[in-house]
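# Summary of structural features
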Amino acid sequence: MKLGIVGLPNVGKSTLFNSLTKAGAESANYPFCTIDPNVGIVMVPDERLAVLKDLYNSEKILPATIEFVDIAGLVKGASKGEGLGNQFLSNIREVDAIVHVVRCFEDTNIIHVDGSVNPSRDIETINLELIFSDVEILERRIAKTIKAAKADKSLEKELHMLERLKVHLEEGKLAKSFQTEDEEEAEVIKTYNLLTAKPVIYAANVDEDDLADDGANNEYVNAVRAIAVQDGSEVFVICAQIEQEIAELDDEEKKMFLEEMGLKEAGLEKLITASYRLLGLMSYITAGPKEIRAWTVENGTKAPQAAGKIHSDFERGFIRAEVVSYQQLVDCGSFNAAKEKGLVRSEGKEYVVQDGDVILFRFNV
């Protein structure tokens, strides 16, 4: 999974990136501190893997991973060359979802690029820049399709859709709210990699006092939540400064720190939960003496396609999947014990993989 982090300058974007990835991106109290896009790989925390490592006496754990891309802060006119944001928008065209960091705290010591805290205005500013960037992509595509359609009349349908979509964006609407006429149009739009077609997770960055109640009494957070409901996005509340402190702690210290703060989980866990829910993802597990590994797949994935995540040969030569749920396996103490109790199921090509399934694939190529 790949997530792109966007936001205005000085909203806590790079501080959040640092805390999530421990990558050490420069972060300071002035606009455009992030010049080159920063990339960090994060392991998805999954307590089940450590339990299975002990149960199988495995050599190592390989969790699922998320790649974060942090680009320069966007400002009004970024799509036309203002600031530094536009030249890096191409770096997030390939991401699965966008994490939009929104400032939801007052602090006279931290400059706001527009002079005041206003999440609704800030979100609109970013959305407009993403829309303008998408319009630019469509204009190039339209010009190319007009030429090609002279020789190939079958492209006229795509050209008609491109023109409708451009009008939709020019009205200030996001590509994800565009009504396609059929499934074919929807599939074609995916190939454009439009920024405003991507799912969005809002990271409402609050100060420490608003963390314990998850920003329930913060008017700025409530404004972000209202916007998220309208456009089908996710929201999670975070204090980037606290996350930076947590990032320096080991697991035991982190646990104690969170308890003292009255928090159930750190920001990374909140973000992962929100992104898995938004993208419809879950993890199954493969286990053995060499490694315990989590594999991320979409909800509804059938066994052969899940096997294909490991290797294309597994999908091509799929015979069956031997499946046991994580909890049943742990309760039994071993795979063989679960098998003796009849808890290991032999599943075929139509089996839909479930979160927490521990699977042994049988294949022949």
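As a reminder, the structure under discussion sits directly above these lines.
Given the structure is predicted, the values throughout are model-derived calculations rather than measurements. (Residues numbered from 1 in each chain as written. Predicted model: local features only at pLDDT ≥ 70, side-chain atom pairs only at ≥ 80, totals over all residues. Heavy atoms only, no water.)

### A closer look at the layout of surface pockets
Considered as a void within the structure, the largest pocket measures approximately 1200 Å³ in volume. For the lining of the largest pocket, the elements supplying multiple residues, two or more each, are α1 (13-21), β2 (38-43), α2 (47-56), α7 (240-247), α8 (251-261) and α9 (267-279). When grouped by side-chain class, the residues that make up the lining of the largest pocket number 18 nonpolar, three polar and twelve charged. Computed from the structure, the second largest pocket encloses a volume of approximately 740 Å³. V95, D96, P199, L279 and E298 are, among the 29 residues lining the second largest pocket, the residues nearest its centre. Looking at the lining of the second largest pocket, the elements with two or more residues in it are β4 (65-70), α5 (183-190) and β9 (291-298). Counting residues per element, the lining of the second largest pocket draws most heavily on β9, which supplies five residues. Its residues assigned to classes, the lining of the second largest pocket comprises 17 nonpolar, four polar and eight charged. (1 Å grid on protein atoms, 1.4 Å probe; cavity = no way out; pocket = protein on both sides within 12 Å on 5 of 7 lines; lining within 4 Å. Points joined across faces, edges and corners; volume = space filled by probe spheres on them. Helix = DSSP H or I, 4+ residues; strand = E, 2+ residues; numbered from the N terminus. Nonpolar A, V, L, I, M, F, W, Y, C, P; charged D, E, K, R; others polar.)

### Concerning the pattern of salt bridges
Counted under the stated rule, the structure contains 26 salt bridges. Between E67 and K2 there is a salt bridge; the shortest N-O distance is 3.7 Å. With E67 in strand β4 and K2 in strand β1 (residues 2-6), the pair connects residues that are 65 residues apart, well separated along the chain. The class of K2 is partly exposed, set by a relative accessible area of 24%. (Salt bridge = Lys/Arg side-chain N within 4 Å of Asp/Glu carboxyl O. Buried < 20%, exposed > 50% of the residue type's maximum accessible area, 1.4 Å probe, protein only.)

### Concerning α8
Taken together, the buried positions of α8 are F257, L258 and M261. Within α8, the buried residues cover an arc of 95 degrees as seen down the axis, which keeps them to one side. Summarising the geometry of α8, the exposed residues directed more than 90 degrees from the buried face are E252, K255, E259 and E260. Looking at the buried residues of α8, the elements they touch are α7. One or two steps after α8, the chain reaches G262, where phi turns positive at roughly 75 degrees. (Arc of directions from axis to C-beta. Contact = heavy atoms within 4.5 Å.)

### Comments concerning the sheet that holds β4
Taken in spatial order, the six strands of this open sheet run β2-β4-β1-β5-β6-β7, and their pairing is mixed. Lying at the two open borders of the sheet, with one neighbouring strand each, are β2 and β7 (234-238). In this sheet, adjacent strand axes meet at a mean angle of 25 degrees when their direction is disregarded. Where β1 meets β4, four bridges bridge the pair, whose relative direction is parallel. (Pairing = 2+ DSSP bridges. Axes fitted to C-alpha atoms, helices over the stretch in contact; angles between N-to-C directions.)

### Observations concerning the packing of aromatic side chains
Applying the stated criterion to the full structure yields three aromatic pairs. Arranged with centres 6.4 Å apart and planes meeting at 65 degrees, the rings of F318 and F361 form a pair that is edge-to-face. One end of the pair, F318, is in strand β10 (residues 318-325); the other, F361, is in strand β12 (residues 357-363), and 43 residues separate them in sequence. Put simply, the rings of Y284, F318 and F361 pair up and form one aromatic cluster. Note that R103 overlies the ring of F105, its terminal NZ or CZ placed 4.5 Å from the centroid. (Phe/Tyr/Trp six-rings, centres within 6.5 Å; stacked < 30°, edge-to-face > 60°. Lys NZ or Arg CZ within 6 Å of the ring centre and 35° of its normal.)

### Re helix α4 (residues 156-170)
Here α4 spans 21 Å end to end across 15 residues, near enough to the 21 Å set by a 1.5 Å rise per residue. All of the buried residues along α4 are E158, L159, M161, L162, R164, L165, K166, H168 and L169. Here the buried face of α4 lies against α3 (119-151) and α5. Phi for G172, located one or two positions after α4, is positive at around 85 degrees. (Expected span 1.5 Å × (residues − 1).)

### Some words on empty space enclosed by the protein
All chains considered together, the criterion is met by two cavities of 30 Å³ or more. In this structure, the largest cavity encloses a volume near 40 Å³. For the largest cavity, the full set of lining residues is N127, L130, L174, K176, L195, T196, K198 and V200. Residue classes in the lining of the largest cavity are distributed as four nonpolar, two polar and two charged.

### Quick notes on the packing of α3 against α4
Direction vectors running N to C along α3 and α4 enclose 155 degrees, while the axes themselves pass 9 Å from each other. As judged from the angle between their axes, α3 and α4 are roughly antiparallel. For α3 against α4, the interelement crossing comes out left-handed. The segment α3 lies against α4, with I131, D134, V135, L138, E139, R141, I142, T145, I146 and A149 engaging E156, E158, L159, L162, E163, L165, K166, L169 and E170. (Parallel < 35°, antiparallel > 145°, perpendicular 65-115°, else oblique. Left-handed = near helix turned anticlockwise from the far one by under 90°.)

### Observations regarding the side chain of T296
Relative to the helices and strands, T296 resides in strand β9. Among the polar contacts listed, one links the side chain of T296 to the side chain of Y276, at a separation of 3.0 Å. Non-local contacts of T296, meaning those with residues more than four positions away in its chain, are made with A64, Y276, L281, M282, S283 and K309. (Polar contact = N/O pair within 3.5 Å; in protein donor to acceptor, adjacent residues only side chain to side chain.)

Worth remembering: the numbers are spatial, not functional.
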